[in-house]
Amino acid sequence: MNLDDLALQIQNIRKRVGILQSKSEQQKVEQNIELVTAVFEEVYLALEGLQIANENLQQQNKELSDAQQALVVEHQRYQELFEEVPDAYLVTDTQGIIQEANSAASTLFNISKSLLVGKLLENFTFEKELITFHLKLIHLRERQIPEWKTQEWEVYLRPHEKTPIIVAVKVAAVRNQQGELVGLRWLLRDISESKRIQAKLEWAEEAMRQALAKERQLSELKSRLLTTTSHEFRTPLAAIHSSAELLEYYRHRWTEERQNTHLRRIQKSVMHMTQLLDDVLVLSQDEMSKLGFNPRPLNLAEFCQYLLKQLKQYDGSQHTITFSYESQSTQANFDAQLLRQILNNLFSNSLKYSPIGSQINFFVTTTNDGAIFEIQDFGIGIPSADIKHIFEPFHRATNTSNIPGLGLGLSIVKKAVDLHGGEITVKSAINVGTTFRVIVPFASNVHNTYAEVRENLTTEDVQE
Ligand code: ADP
C-alpha cells in the first residue's frame, strides 16, 4: 500500500462516517442504539484498514532504508576500490575535465586531489601530443566505446615540478541510465621504468648484435688478409729471389753500381714486405688498441724532415718531393707513433700512385689548436665512386689493377687520425692528382715535461 491508497481509504471512512452522522440527525432516539453500533463497526473497520496501511508503510520504510543502507555500503566500496587501485584513476566529463581523482593519481601528477579536480587532463600532456590527445577524445566520444575495451595507448605526461613520464592510458565510458555518454574513466599507469628497462635491454641486444657482427667482420677480415697478404708477398719475394740469385752468379763480373742496384731492389722489397706486415699487424683490433694514444712534446719540423729523409731514401729519387713548413710554435704535443703511421701511409700511396718523375708536395702548417698536413700528388687520382669507400679495409679503387696493394693503409690512417682526435679529407680527380688533408689537434693530456721526456729518448726518437 502506498500513500495514495491510504489517502483514498481515509477519504472513504470520512464519507461513510459523514453518512452515519447525517442519518443520526434525521432518526429518532430509539433508533440511536442501532446507529451507534453501526458507527462502531465502521470505526473498527476503519481502524483495521489503517492498521494494515500502517504495517504496509512500515514495511515499505524498512525496504527503503535497507536500500539506502545498501547504497551507502556500495558507494563506500566504490570509494575504497577507487582509492586502493595501485594505478592512477580519474573520472572526467566528456571534455576531459577531471571530476574525481584517487591518491595514486595525485602521486602521479604530483598535485593534491582537490587541485586536480576541475583541471583539463590535456594540460598535463606535451604540446606536440595535444593533437593526438584531442583526436583520441573525439574518437572516444563519437564511438560507442564498450567498458574498458579501448586500446591502451602511451602518452608523455608532465607531472607538476617533476620530470616527464611515459604513461599507459586506458579509457572507459561512463553512461547514464539512458545509455548516454556522460563522462570518461581513465586508468593511467606509469611505465617509464619498464620503458627504461626495455631500452636498456634493446641497447644490450644491439650491443650483442654489433659484437657478433664485428666478430663476423673480423673473421672475414682474417681470411681476406690471409689470401691478399700471401698474394702480395709473391712480388717482393720474387724480386728478392731473382736479385739475390743474380748477385750470387754475376756479382764478380758486375760493376759496383749494378750490384748496388740489385742490393737496393732487395732492400726495397724487404721494406715493402715490412710495411705490408706492419699494416696487417696494426689493423688487427688488438694491435690498434695497444697503440693507444700517447702524446708527448715533439719538434714537428725536425720530425717531418726526418720522415722525408727516410722517404726519399725509399723512393730512390724517383719523385721530386717538396716540403713547406709554416709554423710559429716549434714544440707541440703529438703522438709521434700515430703521426708516423698516418704520414708514412699517405706518402707511400702518393709515391705508388703517381708516375716516376712527378712531383709530390708536402705542406705543414700549424694553427693555435693543431697542425694541418697536406700531401699532394699528380698521379692517377681516385674515381669519385670509390672515394667514400677508400677508408674501408681492403677497398681498392677500380683504377689500381696493375698496382700492388692490400687496401689496408688508409683504414689504418683513419684509425690513427681518429685516435688522435683529428680528421682526414681527400680531394681527387682522375689523372690529375690527389690531395690528402689531415688536421690533428694538439694534445693537452701530457703529464711529462718536455725536458723529462727528452732525457729518456733514444737517438731515433730525438730525430722525431
Ligand atoms: P692500397 O694502397 O694498399 O691499395 P690503401 O688503403 O692505402 O690501400 O688505399 C686504398 C685505395 O685508395 C687504393 O687502393 C687506391 O685506390 C686509393 N688511393 C689511396 N691513395 C691514393 C693516391 N694518392 N692516389 C690515387 N689513389 C689512391
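Per an unreviewed UniProt entry, the protein chain carries the name histidine kinase and comes from Nostoc punctiforme FACHB-252. Note on the protein chain: under the UniProt heading Catalytic activity (unreviewed entry), the record states "ATP + protein L-histidine = ADP + protein N-phospho-L-histidine."

Caption draft 1: Broad picture of unusual backbone geometry. Here Glu 161, not a glycine, exhibits a phi torsion of approximately 50°, which is positive. Relative to the helices and strands, Glu 161 is located in the loop between strand 3 (153-157) and strand 4 (165-175). Judged by its relative accessible area of 70%, Glu 161 is exposed.

Caption draft 2: The pairing of strand 4, seen in detail. Most of strand 4 sits inside the fold, with 8 of its 11 residues counted as buried. Both strand 3 and strand 4 contribute to a ladder of 5 bridges, which runs antiparallel. From the neighbouring strand, Glu 154 faces strand 4, where its bridge partner is Ala 168. Looking at chain direction, strand 4 and strand 5 (residues 181-190) are connected through 9 bridges and run antiparallel. In the strand pairing of strand 5, Val 174 is matched with Gly 183. Between strand 4 and strand 5, which follow one another and run antiparallel, lie 5 residues, and Gly 179 among them has a positive phi close to 85°.

Caption draft 3: Highlighting the UniProt feature "coiled-coil region" (unreviewed entry) in the protein chain. In this numbering, the UniProt entry assigns the feature "coiled-coil region" (unreviewed entry) to residues 40-77 and 194-224. Between the end C-alpha atoms of residues 40-77 there is a gap of 55 Å, over a span that is 100% helix and 0% strand. As a span, residues 194-224 carries 100% helix and 0% strand, and end to end its C-alpha atoms are 44 Å apart.

Caption draft 4: Local environment of the sheet that holds strand 9 (residues 359-366). Spatial ordering of the open sheet is given by 7-9-10-12-11, a layout of 5 strands whose pairing is mixed. One side of each edge strand has no neighbouring strand; the edge strands of this open sheet are strand 7 (320-326) and strand 11 (423-429). The mean angle between the axes of side-by-side strands here comes to 10°, regardless of whether they run parallel or antiparallel. Of the strand pairs in this sheet, strand 7 and strand 9 are connected by 7 bridges, and their pairing is parallel. Following the sheet pairing, Ser 324 is matched in strand 9 by Phe 363. Packing of helix 10 (residues 336-352) onto the sheet brings it into contact with strand 7, strand 9, strand 10 (370-377), strand 11 and strand 12 (433-441), and relative to strand 10 it is tilted by some 15°. Along the sheet, helix 12 (residues 409-419) contacts strand 11 and strand 12; its crossing angle with strand 11, the most-contacted strand, is approximately 145°.

Caption draft 5: View of the sheet that holds strand 2 (residues 98-101). Read from one edge to the other, the open sheet built from 5 strands follows the order 2-1-5-4-3, with strand pairing classed as antiparallel. The open sheet has two free edges, formed respectively by strand 2 and strand 3, since each of these has just one partner strand. Each strand of the sheet is rotated relative to its neighbour by a mean of 35°, with strand direction disregarded. In the packing of helix 2 (residues 32-84) onto the sheet, the strands contacted are strand 1 (88-92) and strand 2, and the crossing angle to strand 2 comes to about 85°.

Caption draft 6: Structural detail: the confidence of the model for the protein chain. Of all residues in the protein chain, 90% attain a pLDDT of 70 or more, and the chain-wide mean is 84. Looking over the protein chain, one finds the lowest element-wise mean pLDDT in helix 13 (residues 450-455), namely 37, and the highest in strand 11, namely 97. Confidence drops under a pLDDT of 50 for residues 445-464, and excluding neighbours within four residues, the segment shows 27 contacts in the predicted structure.

Caption draft 7: Seen up close, the pattern of salt bridges. Taken as a whole and assessed by the stated rule, the structure comprises 9 salt bridges. The closest approach of N and O atoms between Lys 195 and Glu 154, which form a salt bridge, is 3.0 Å. Within this pair, whereas Lys 195 is found in helix 6 (residues 192-250), its partner Glu 154 is found in strand 3, the two being separated by 41 residues in sequence. Under the relative-accessibility criterion, Glu 154 is labelled partly exposed at 46%.

Caption draft 8: Structural detail: the site of the ligand. Around the ligand, the surrounding shell holds 21 residues, and the nearest of these are Asn 349, Tyr 353, Asp 377, Arg 396 and Leu 410. The contact in question runs from a nitrogen atom of the ligand to an N or O atom on the side chain of Thr 434, over 3.5 Å. If the ligand stood free it would expose 530 Å²; the protein chains cover 98% of that surface. Of all the secondary structure elements, the ones that give two or more residues to the shell around the ligand are helix 10, helix 12 and strand 12. Residue composition of the shell around the ligand, grouped by class: 9 nonpolar, 9 polar and 3 charged.

Each value, and the rule that gives it
Residues numbered from 1 in each chain as written. Predicted model: local features only at pLDDT ≥ 70, side-chain atom pairs only at ≥ 80, totals over all residues. Heavy atoms only, no water. UniProt positions renumbered as here; feature names shortened; annotations may be inferred. Helix = DSSP H or I, 4+ residues; strand = E, 2+ residues; numbered from the N terminus. Buried < 20%, exposed > 50% of the residue type's maximum accessible area, 1.4 Å probe, protein only. Pairing = 2+ DSSP bridges. Axes fitted to C-alpha atoms, helices over the stretch in contact; angles between N-to-C directions. Contact = heavy atoms within 4.5 Å. pLDDT = per-residue confidence, 0-100. Salt bridge = Lys/Arg side-chain N within 4 Å of Asp/Glu carboxyl O. Near = heavy atom within 4 Å. Polar contact = N/O pair within 3.5 Å; in protein donor to acceptor, adjacent residues only side chain to side chain. Areas by Shrake-Rupley, 256 points an atom, 1.4 Å probe, with all protein chains shown as cover. Nonpolar A, V, L, I, M, F, W, Y, C, P; charged D, E, K, R; others polar.

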